[in-house]
Amino acid sequence: MTTGSTGGWIAEALREHDHASEQEPEVQPEQRPSPRGRRELPIADREQQVLDRIDRARRRRARVREERITMSHGAGGKATQTLIEAVFLDAFGNPLLAELEDAARLAVGGARLALTTDSFVVSPLFFPGGDIGDLAVNGTVNDLAVSGATPLYLSAGFILEEGFPVADLTRITASMREAAAAAGVQVVTGDTKVVERGKADGCYINTAGVGLLERDVPLGVAQARPGDAIIVSGPVGDHGVTIMLARGELDIESDVESDTAPLAGLVAALLDAVPGVRAMRDATRGGVATILNEIAKAADVGVVVSEDDIPVRDEVRGAAELLGIDPMYVACEGRLVAVVDGAAAEQAVAALRSHPLGAEATVVGRITAEQPGLVRLKTAFGGTRIVDLLVGDPLPRIC
Amino acid sequence: MRFVDEFRDADKAHALAAKIAALCEPGRQYKIMEVCGGHTHTIYKHGLEDYLPESITLVHGPGCPVCVIPMGRVDDAIHLASQPDVIMTSFGDMMRVPGSQGSFFDAKAAGTDIRMVYSPLDSLKIARKNPDKRVVFMAIGFETTAPSTAMTVLRAAAEGIENFSVFCNHVTIVPAIKAILDSPDLRLDGFLGPGHVSTVIGCRPYEFIARDYGRPVVVAGFEPLDILQSIYQLMLQLAEGRAEIENQYSRVVPWNGNLVALQAIGQTMELRPYFEWRGLGFISHSALKMSEQYAAFDAELLFKVPGVRVADPKACQCGEVLKGVLKPWECKVFGTACTPETPIGTCMVSPEGACAAYYNFGRMNRERVAEAAEVSRG
């Protein structure tokens, strides 16, 4: 038996921790001094000190500790956010990018435009309810739509693996054509690259989109304020569970289908009917839970949601339960989360329900002033817990 | 959803909570350990502590398979994985567990072939498909998962699959409970017994806890109402001065366990003289390895395993947390240097780890929340 030592990273994490602790003001107990000092603090206060320290640690500048990209960096959770903040914002930082909304809002020659891009690497390429083609169109259309823009033009870039069946490619382009028609957009430019066999998994697609901002509504998650209501436009988690089951590794069968759909019409219905819309997001990777955390962080507000009120189809709940994952973190491709003025909540739900894609829209929670930065969930069981950003991919429990 | 919603009924929970509160003796503090990490997860995920009176403290126990794996074992596994032609397979929970030089995820990103599987049988499938590779299954877990490893080895033997082996890290729960009972640091009033482990070993192995230590045990299911009901049963025993082994999870746990599963374990594995547990140190007869008869499937014999022993980082207090001596937030590095994103300790990795459960679900001061609610109500 040999003895090893821990690698540099732990020492580094601890050094950083010590350094940060030194700079923090020592919290003094608000009580008479006692001979044994801080040990005399009531347990709740000691816990609160730790919680405050964690809060400060979480607000510190993000840094990528890993030497290489891991799968977690692509999962849409905490690692993805760290990567974006520490690498991409650092490199490209500008006020338009810094908003970190689903699309950038630009003023060009008197017109107000929204610009966004998205890449698609889904596996399998074809799944119940859709394929990579309509996903690639709807994903970009939805990023424009929830930014308040009318989607107009798309680009499409294909990275194809040597040996990929042309029949599959035409099937994909056909569904892109249909999805574009349904969303009222045109694919007006594109690019094709082919890589050697084994260097890509069949077909990857990138789309970028331009939309016109016709309304003068200051949308953005930073606009959320206490008293606002949080609405989801329908059952969550359909897409993610469909993909997981379509991989066939789990031997679970279910009728669940992807919810992939263009949201521009639904967004228009909402914005036409309700003046008090603060923000919208489409709940893709990372699911509804991630969006709620983005709201809490960007607006520095508390978020309270009720588990009973979050719509989840039975099939999705069942599969998620078996896999040990929480539907709140599972991706949707045709659902949006909206933050609206609390007084307009009913009106907003009614407007969403008037559209077929929002038939099951419902209020799931509200914005509070308490506990800024935290998302709290009232569980169906009647308890309270927080809902954090996900670390890594949703992994099932083993016992 | 049937078979789930019935066990999460808030009305029934309120009724049980009232019965539990009525059993608390004024002025007495109760410490109840839930042995199994699955229980810890349920408790935090459903906010179950909201239903308990202040005088009852739930202490999180060592029954988290990932949490008890020492750093050196992870290093050994990564060493195995980086041997020529090896495909290492493992449960997802293992992927982020830190070794001294990084985790499976890091090793995977650096080019090592490590694959996540949902069952050891998936490993065997990979072995069948890749006859020119050597497929190793990183087996972890208590008696809950040991039978599936055993059955897989039996099947591999029956099919004559020679390129499959097991890096066995299976541990047994009873020595760990005994170590905690013998530890001077902690006085516990009773135990919520591990439901899944008990489906395999039954309830008899816990009899010594009542007989020799005078502590009650209630083997508990994993839905929140199961746990509340089990706490009620424990409190009732304490109120009546009894110390017995009760089975709340009788819909799944047979009193005598699962004979077929036990036989499969007995056939393919044997007790190690001792094994290192993260934070708890070496515990004798607390882990399993492949038996002599199935040595051909023992990765530790087929490959040269360095057997690295790595001391835990000094600041890491996983051991204290695993024994229930410290609450997760009382660890010095909790939530600052050690987070689920960059875990130093294993308790922060697994969804069943006490630190991860507290960080992800419970990171709010319940008393303060209650206070604030009072204030806002005026």
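Residues numbered from 1 in each chain as written. Chains lettered and ligands numbered in written order. Predicted model: local features only at pLDDT ≥ 70, side-chain atom pairs only at ≥ 80, totals over all residues.

Visitor: Before we go on, may I ask you to explain the overall build of chain A in this structure?
Guide: Helix and strand content of chain A: 11 helices and 15 strands. When burial is assessed residue by residue, chain A has 44% of its 399 residues classed as buried. Taking the contacts inside chain A whose residues are at least 6 apart along the sequence as the reference set, 82% of them involve residues at least 24 apart. (Helix = DSSP H or I, 4+ residues; strand = E, 2+ residues; numbered from the N terminus. Buried ≥ 20, exposed ≤ 12 C-beta atoms within 10 Å, placed from the backbone. Contact = placed C-beta atoms within 7 Å.)

Visitor: Help me out: how do you make sense of the overall build of chain B in this one?
Guide: For chain B, the helix and strand inventory stands at 15 helices and 14 strands. Over its C-alpha trace chain B gives a radius of gyration of 21 Å, about what one expects of a compact globule, namely 21 Å for 378 residues. The principal-axis extent of the C-alpha atoms belonging to chain B is close to 70 × 45 × 45 Å. A buried classification covers 57% of the 378 residues belonging to chain B. Across chain B, contacts joining residues at least 24 apart in sequence account for 76% of those joining residues at least 6 apart. (Rg over C-alpha atoms; globule rule 2.2 N^0.38 Å.)

Visitor: Looking at this model, I keep getting lost on the nonpolar core. Mind explaining?
Guide: In globular proteins that are soluble, nonpolar side chains generally tend to be buried together. Counting 216 residues, the largest nonpolar core has I231, L270, L292, I295, A338 and A348 of chain A together with F167 of chain B as the members making the most contacts within it. Residue contributions to this core reach at least three from each of two domains, namely domain 1 (102–212) and domain 2 (221–386) of chain A. (Core = buried A, V, L, I, M, F, W, Y, C linked by C-beta atoms within 7 Å. Domains from an automatic or database assignment.)

Visitor: Help me out: how do you make sense of helix α11 (residues 345–353) of chain A in this one?
Guide: Residues that lie three or four places apart on an α-helix share one face, since the helix turns once every 3.6 residues. All names here are of chain A. Taken together, the buried positions of α11 are A345, A348, V349, A351 and L352. Axial view of α11: buried residues confined to an arc of 160°, hence all on one face. Here the buried face of α11 lies against β9 (229–232), α8 (264–273), β12 (336–340) and β13 (362–368). (Arc of directions from axis to C-beta.)

Visitor: Hey, could you run me through the sheet that holds strand β10 (residues 277–282) of chain A in this one?
Guide: In a beta sheet, neighbouring strands pair by backbone hydrogen bonds and run either parallel or antiparallel. All names here are of chain A. Strands sit in the order β10-β12-β9-β13-β11-β14-β15 across an open sheet of 7 strands; the sheet is mixed. A strand with exactly one partner marks an edge of an open sheet, and here the two such strands are β10 and β15 (384–386). The sheet shows a mean angle of 25° between the axes of neighbouring strands, taken without regard to direction. Of the strand pairs in this sheet, β9 and β12 are connected by 4 bridges, and their pairing is antiparallel. Counterpart to A229 in the pairing with β12 is V340. Helix-sheet contacts for α11 involve β9, β12 and β13, and the interaxial angle to β9 is about 10°. (Pairing = 2+ DSSP bridges. Axes fitted to C-alpha atoms, helices over the stretch in contact; angles between N-to-C directions.)

Visitor: Looking at this model, I keep getting lost on the confidence of the model for chain A. Mind explaining?
Guide: It should be kept in mind that the predicted coordinates are not to be read in detail where pLDDT is low. All names here are of chain A. On average, residues of chain A score 88 in pLDDT, and 89% of them reach the 70 mark or higher. Below a pLDDT of 50 lies the segment residues 26–39, which in the model reaches 6 contacts outside its immediate sequence neighbourhood of four places, other chains included. A low-confidence stretch, residues 395–399 (pLDDT under 50), is modelled with 23 contacts involving residues beyond four sequence positions or located in other chains. (pLDDT = per-residue confidence, 0-100.)

Visitor: Would you explain the sheet that holds strand β3 (residues 86–90) of chain B in this entry?
Guide: Residues and elements named next belong to chain B. Within the open sheet, the 4 strands sit side by side as β4-β3-β5-β6. Their pairing is parallel. In this open sheet, the two edge strands, each paired with only one partner strand, are β4 (114–116) and β6 (164–170). Between one strand and the next, the sheet's axes are offset by a mean angle of 25°, whatever the strand orientation. Examined bridge by bridge, strand β5 (residues 134–141) and β6 share 7 bridges and lie parallel to one another. When the sheet's bridge partners are listed, M138 is paired in β6 with F167. This element, helix α5 (residues 120–129), spans β3, β4, β5 and β6 of the sheet and lies at about 175° to β5. Where helix α6 (residues 146–159) meets the sheet, its contacts fall on β5 and β6, and the angle it forms with β6 comes to roughly 160°.

Visitor: Help me understand the interface of chain B and chain A in this model?
Guide: How big an interface is tends to be stated in terms of the accessible area lost upon association of its parts. The interface of chain B with chain A comprises 62 residues on the first partner and 56 residues on the second. Class assignment of the residues belonging to the side of chain B that touches chain A gives a composition of 30 nonpolar, 19 polar and 13 charged. (Nonpolar A, V, L, I, M, F, W, Y, C, P; charged D, E, K, R; others polar.)

Visitor: Would you take a moment to explain helix α3 (residues 78–92) of chain A for this structure?
Guide: Residues and elements named next belong to chain A. For α3, built from 15 residues, the straight-helix expectation of 21 Å at 1.5 Å per residue is met to within 8% by its first-to-last C-alpha distance of 20 Å. By the largest-angle criterion, I84 marks the main kink of α3, which is about 30°. Taken as a whole, α3 has its buried residues at K78, A79, Q81 and T82. (Expected span 1.5 Å × (residues − 1). Bend = angle between axes of the 7 residues up to and from the residue.)

Visitor: What is the right way to look at the confidence of the model for chain B in this model?
Guide: Per-residue confidence for chain B gives a mean pLDDT of 92; residues scoring 70 or more make up 96%. Interface confidence for the predicted complex, expressed as ipTM, amounts to 0.83; the pTM equals 0.87.

Visitor: Just to check I follow, could you spell out the domain arrangement of chain A for this structure?
Guide: Residue and element names in this part refer to chain A. We note that the domain assignment places domain 1 (102–212) and domain 2 (221–386) within chain A. Between the C-alpha centres of domain 1 and domain 2 there is a distance of 24 Å. With 23 residues of domain 1 in contact, the opposing surface of domain 2 contributes 20 residues. Put simply, the parts of the chain that give the side of domain 1 that touches domain 2 at least two residues each are α5 (132–145), β6 (150–161) and α6 (166–183). In terms of residues, the side of domain 1 that touches domain 2 owes the most to one element, α5, which gives 8 residues.

Visitor: Where do I start with unusual backbone geometry in this structure?
Guide: In terms of backbone geometry, most residues other than glycine have negative phi values and most peptide bonds are trans. All names here are of chain A. Cis geometry marks the peptide bond from S123 to P124, where omega comes out at 5°. In this fold, P124 is placed in the loop between β3 (111–120) and β4 (126–127). A positive phi is found at D300, a non-glycine position, where the angle reads about 50°. Looking at the secondary structure, you find D300 in the loop between α9 (287–299) and β11 (302–306). The class of D300 is partly exposed, set by 13 C-beta atoms lying within 10 Å.

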